[in-house]
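Observations on chain architecture
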Amino acid sequence: MLLGMRVCGPSTAVFRPSTLRCLSRAHRLPCRELTCSPRQTSRWNRQVSVTPRDSPRVLITGGLGQLGSGLAQILREQYGKENVILSDIKKPPAHVLSSGPFVYADVLDFKQLRELIVNHRITWLVHYSALLSAVGEANVALARKINISGLHNVLDLALENCLRIFVPSTIGAFGPSSPRDPAPDLCVQRPRTIYGVSKVHGELMGEYLHHKYGLDFRCLRYPGVISAHTHPGGGTTGIGSSALTQHTYLPR
Ligand SMILES: NC(=O)c1ccc[n+]([C@@H]2O[C@H](COP(=O)([O-])OP(=O)(O)OC[C@H]3O[C@@H](n4cnc5c(N)ncnc54)[C@H](O)[C@@H]3O)[C@@H](O)[C@H]2O)c1
């Protein structure tokens, strides 16, 4: 669990609609104080008063990876099919298309992402796009782009549009010098992969933006997660998943 921001334990990782509203601190900030980027200087959305009956409008980026479609299924059962939009840069398989809304969204394309958020009246963003550890090490420049520039795009848009944002981190955010058994939440984090470095950056950016602007940022360090329905995305856990697939325990 990460301190200093609003954090959910694994059992409460799904957002609750009753608490959905922009943090008032963010609204009190004059736009000119948002000095980092011109994007952040656009007006904040007005605070919407939300009753528990109102459903969030959720966008999942990188939703065709290992974890996105499973999460979409759970959220759709809870908030309605039309309120949960899966997105990715890959072509969706037929069963994904028929299970609910899907749109193309490249997290490196800020303008297109903004359009999507505005047009679909998004209120919650689950940011799953990433290059995982093994793939990231094979293409560090691309991993830096997707995992860091892509993250900045969604963080800026979350601030601009007053979204609640969830960005998973990973146990890969620790490194060989981190204390073990168990590793404390707050400790030395010196990962040696670009994936780990980008995730530490994400944790710190979220914490910073929460304290500075009241961004509703949530984060959970996932362990290795293997899906029974999708193929591995290039993390170290993919090795286990691939082994299972080869032995036909998982659908190919
Ligand atoms: N699966 C795990 O074991 C695990 C563990 C810890 C953390 N996480 C985190 O959870 C999240 C989801 O993990 P996953 O296993 O589903 O990953 P995955 O690699 O299976 O999926 C990532 C998705 O991101 C998409 N993507 C790549 N570039 C993109 C871009 N420019 N714009 C939009 N989408 C793009 C890919 O097409 C892919 O579908 C990631 O942030 C990951 O770091 C996963």
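Data block above holds the structure.
Quantities reported herein were computed from a predicted structural model and do not represent experimental measurements.

Now for the packing of helix α6 (residues 140-161) against helix α7 (residues 194-213). Interaxial distance between α6 and α7 falls to 10 Å at its minimum, and their mutual angle equals 15°. Considered as vectors, α6 and α7 are oriented roughly parallel to each other. Seen from above, α6 lies across α7 with right-handed handedness. Residue-level contacts link V140, A143, R144, N147, I148, L151, L155 and L159 of α6 to I194, Y195, S198, H201, G202, M205, L209 and Y213 of α7. Considered class by class, the residues forming the contact of α6 with α7 number 11 nonpolar, four polar and one charged.

Moving on: the sheet that holds strand β1 (residues 58-61). Taken in spatial order, the six strands line up as β3-β2-β1-β4-β5-β7 in an open sheet, and their pairing is parallel. Either end of the sheet is taken by a strand with one partner, and the two such strands are β3 (102-104) and β7 (216-218). For this sheet, the mean inter-axis angle between neighbouring strands, taken without regard to orientation, is 20°. Two strands pair when backbone bridges link them, and β1 and strand β2 (residues 84-88) are joined in this way by three bridges, in the parallel orientation. Among the inter-strand pairings, L59 is bridged to a residue of β2, identified as I85. Relative to the sheet, helix α2 (residues 68-79) contacts β1, β2 and β4 (124-127), its axis offset from that of β2 by approximately 165°. Running over the sheet, α6 touches β1, β4 and β5 (164-166) and is turned about 170° from β4.

Our focus in this paragraph is the pairing of β1. Across the two faces of β1 the burial is the same, with V58 and I60 and L59 and T61 all buried. With α2 bridging β1 and the parallel β2, this β-α-β connection has right-handed handedness. When β1 meets β4, the two strands line up parallel, connected through four bridges. From the neighbouring strand, I60 faces β4, where its bridge partner is V126.

Backbone torsion omega between D181 and P182 reads -10°, so that peptide bond is classified as cis. Locating P182 in the fold gives a position in the loop between β6 (169-170) and α7. The backbone phi angle of C162 is positive, close to 55°, even though this residue is not glycine. The topology assignment puts C162 in the loop between α6 and β5. The exposure class assigned to C162 is buried, which follows from the 20 C-beta atoms found within 10 Å. Non-glycine residue D181 carries a positive phi angle of around 55°. Structurally, D181 can be placed in the loop between β6 and α7.

What counts and what doesn't
- Residues numbered from 1 in each chain as written.
- Predicted model: local features only at pLDDT ≥ 70, side-chain atom pairs only at ≥ 80, totals over all residues.
- Axes fitted to C-alpha atoms, helices over the stretch in contact; angles between N-to-C directions.
- Helix = DSSP H or I, 4+ residues; strand = E, 2+ residues; numbered from the N terminus.
- Parallel < 35°, antiparallel > 145°, perpendicular 65-115°, else oblique.
- Left-handed = near helix turned anticlockwise from the far one by under 90°.
- Contact = placed C-beta atoms within 7 Å.
- Nonpolar A, V, L, I, M, F, W, Y, C, P; charged D, E, K, R; others polar.
- Pairing = 2+ DSSP bridges.
- Buried ≥ 20, exposed ≤ 12 C-beta atoms within 10 Å, placed from the backbone.
- Right-handed = clockwise from strand over helix to strand, strands pointing away.

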